[in-house]
Amino acid sequence: MNSALNILPLNKWLNISKYPFVISGPCSAETEEQLLTTAKNIAKIPNVKIFRAGIWKPRTRPEFFEGVGIKGLKWLKNVKKETGLLIAVEVANPHHIEEALHYDIDILWIGARTVVNPFSIQELAKVLNGVDIPVMIKNPVNPDLELWIGALERINNAGIRKLVAIHRGFYFFKKSNYRNIPMWEIPIELKRLFPDLPILCDPSHICGNTELLQSVSQKALDLEMDGLMIESHINPETALTDGEQQITPKKLQELIAGLTVRKEKGNIDFENKLEKLRIEIDKLDEELIDTMSRRMKIVEKIGEFKRDNNITILQIKRWNNILQERLNNGINLGLNKEFLLKLFELIHKQSIQKQTDILNKKNR
Ligand code: PEP
Ligand code: MN
């Protein structure tokens with residue numbers, strides 16, 4: 001389903017002097033001292049404009065630390081006064097929003113666990129109606145782009161035009177190097193559908209550790225994301241939540257200094273060469289589609305032939321042979337095995353579907 005979001009560009013409400021713009025601060029507010037020292041140190045980094053801290057923490061088990069609550073909002077107000085940083089907190093219910101507004105919080109964000117539930121989002125949208133405050137919406141825990149878009153639409157429909165999406169990775173049932181696998185194709189598709197929507201990347205929750213932070217942050221910039229949200233703590237070893245993924249303000253400064261900002265566009269010569277290569281790609285894609293269409297027409301013929309002779313659709317030996325041979329061919333031509341496997345599984349699935357449709361047509 002197509003829709004449009006009514007977005008105010010980031011630079012209309014945020015003074016961004018240095019790319020990428022960075023939001024940083026601890027996973028959770030713990031003490032006023034922790035907030036102040038962390039904030040004062042990160043405020044020295046020109047890229048950092050916004051201080052983040054969780055006050056109400058959504059945790060997996062009830063016995064874990066669940067945030068300091070409202071007293072943290074008072075501390076944050078003081079952080080703002082002392083450092084000039086804008087303040088962002090996570091809100092998950094209407095009461096959180098009312099309290100945050102009462103304490104002059106500048107920016108709200110909605111966490112991954114809340115975005116999975118349209119009922120919750122609708123309740124938040126209701127209290128946001130008529131309020132002029134920026135809202136950042138993390139992707140839902142599960143890799144469901146529609147759900148993410150739905151949350152953006154509901155909040156936008158409430159009149160929030162200072163809207164930002166945050167890509168924080170997705171839950172994956174298999175063990176991986178990441179705490180939440182990035183699935184970059186999802187934020188890329190979001191950008192394609194809503195080119196005006198600012199998208200930030202949250203490498204901290206994608207990585208779940210500090211080792212991969214640099215490379216994930218770099219990847220986000222290479223994909224033209226607008227900024228980063230990175231968790232920082234004055235003493236990560238003592239952190240009450242997400243200790244393994246938080247970095248000190250000093251490490252944050254090093255990380256930002258180590259990023260390469262590439263240009264979106266090159267000079268005329270570069271653009272011309274790029275255009276030529278793109279034309280070649282367009283042509284090859286056309287050929288691919290044509291080849292695929294011809295392949296499916298033959299599959300249909302085979303389907304009819306099998307149906308008329310009462311032969312089963314799936315012939316596992318033939319499929320195994322095809323797969324082995326195509327994989328060998330492709331690997332010899334420099335293609336990646338995983339990619340080939342996925343590609344042929346997809347083609348095979350579609351071929352089986354076509355033949356099933358042919359059988360069903362006859363049986364009806
Ligand atoms: C957080 O930002 O600390 C947090 C809880 O994030 P997420 O909603 O992405 O899990
Ligand atoms: Mn966290």
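Rules behind the numbers
For every chain, the first residue of the written sequence is number 1, and numbering continues from 1 onward in sequence order. Chain letters start at A and ligand numbers start at 1, both assigned in the order the entries are written. Local features in this predicted model are restricted to residues of pLDDT 70 or higher, and side-chain atom pairs are both shown and tallied only at a pLDDT of 80 or more, whereas totals for entire chains, interfaces and linings draw on every residue. Side-chain measures were taken over the full set of non-hydrogen atoms in the model, leaving aside hydrogen atoms and water. Two strands are counted as paired when DSSP detects at least two bridges linking them. Every helix listed is a DSSP run of H or I at least four residues long, and every strand listed is a run of E at least two residues long, numbered separately from the N terminus. Think of each axis as a best-fit line through the C-alpha atoms, taken over the contacting stretch in the case of a helix, with angles from 0 to 180 degrees between the N-to-C directions. Contacts were defined at the residue level, with two residues in contact if any of their heavy atoms lie within 4.5 Å. Surface patches are drawn from residues lacking salt bridges whose relative accessible area is over 30%; two like charges belong together within 9 Å, two nonpolar side chains (Val, Leu, Ile, Met, Phe, Trp, Tyr) within 5 Å. Here the Shrake-Rupley method, with its probe set to 1.4 Å, supplies the accessible areas, and only the displayed protein chains count as covering residues. Here a salt bridge means any side-chain nitrogen of Lys or Arg lying within 4 Å of a carboxyl oxygen belonging to Asp or Glu. In this tally, Lys and Arg are treated as positive and Asp and Glu as negative; His is ignored, and so are the chain termini. Where a charge lies is defined by one atom per residue type: Lys uses NZ, Arg uses CZ, Asp uses CG and Glu uses CD. Three labels apply to residues, based on accessible area from a 1.4 Å probe with only protein chains included: buried if under 20% of the type maximum, exposed if over 50%, partly exposed otherwise in between. Residues belong to one nonpolar core when they are buried, are Ala, Val, Leu, Ile, Met, Phe, Trp, Tyr or Cys, and are joined through side-chain atoms within 4.5 Å. Residues are classed as near a molecule or strand on a simple rule: at least one heavy atom within 4 Å of it. What qualifies as a polar contact is a pair of N or O atoms within 3.5 Å, subject to a donor-acceptor requirement within protein and to the restriction that residues adjacent in sequence count only when both atoms come from side chains.

## Examining the sheet that holds strand β1 (residues 21-25)
Spatial strand order, β1-β2-β3-β4-β5-β6-β7-β8: eight strands in a closed barrel with parallel pairing. Adjacent strand axes in the sheet meet at a mean angle of 30°, parallel and antiparallel pairs treated alike. Where strand β2 (residues 48-52) lies against strand β3 (residues 86-90), three bridges are found, and the strand directions are parallel. Residue pairing for β3: F51 is matched across the bridge by I87. Strand contacts of helix α6 (residues 145-157): β4 (107-110), β5 (135-138) and β6 (163-167), with the helix running at about 160° to β6, the strand carrying the most contacts.

## Some remarks on a negative patch on the surface
Residues E275, D282, D285 and E286 make up a contiguous surface patch of negative charge. Mapped onto the fold, E275 is located in helix α11 (residues 268-308). Using a relative accessible area of 43% as the deciding quantity, one classes E275 as partly exposed.

## Description of the nonpolar core
The nonpolar side chains of soluble globular proteins are, as a tendency, buried together. Core analysis: the biggest nonpolar cluster contains 69 residues, and F51, I137, I155 and L190 have the highest contact counts within it. It is α6 that contributes the most residues to this core, six residues altogether. Counting 15 residues, the second-largest nonpolar core is a separate cluster that includes W13, F21, I50 and I107.

## A closer look at the site of ligand 1
The environment of ligand 1 is formed by C27, R52, K57, E90, W109, G111, A112, R113, K138, R168, H205 and E231. For ligand 1, an oxygen atom lies 2.8 Å from a polar atom in the backbone of A112. The separation between an oxygen atom of ligand 1 and a polar side-chain atom of R113 is 2.9 Å. Relative to its unbound accessible surface of 300 Å², ligand 1 loses 97% to contact with the protein.

## Overview of a nonpolar patch on the surface
Taken together, the side chains of Y171, F172 and F173 present a nonpolar region at the surface, about 370 Å² in accessible area. Position of F173 relative to the elements: it lies in the loop between β6 and α7 (185-193). What makes F173 exposed here is its relative accessible area of 65%.

## Things to note about the pattern of salt bridges
In the structure shown here, the tally under the stated rule is 18 salt bridges. Taking the shortest distance from any N to any O, the salt bridge between E82 and K40 comes out at 3.8 Å. Of this pair, E82 sits in helix α2 (residues 70-83) while K40 sits in helix α1 (residues 32-42), placing them 42 residues apart in sequence. Measuring nitrogen to oxygen at the nearest pair gives 2.9 Å for the salt bridge that ties D106 to K80. Of this pair, D106 sits in the loop between α3 (94-102) and β4 while K80 sits in helix α2, placing them 26 residues apart in sequence. Take D106: its relative accessible area is 18%, and that puts it in the buried class.

## Regarding the side chain of D242
Following the sequence through the fold, D242 ends up in the loop between β8 (227-231) and α10 (249-257). Given the relative accessible area of 14%, D242 is considered buried. Discounting residues that sit within four places of it in the chain, D242 has contacts with C27, R179, H205 and E231.

## What about unusual backbone geometry?
Following Y19, the chain continues to P20 via a peptide bond in cis, the omega torsion being -5°. Of note, P20 is situated in the segment before β1. Positive phi, normally seen in glycine, also occurs at M183, with a value near 40°. Within the secondary structure, M183 sits in the loop between β6 and α7. Even without a glycine there, the phi angle at N310 is positive, about 55°.

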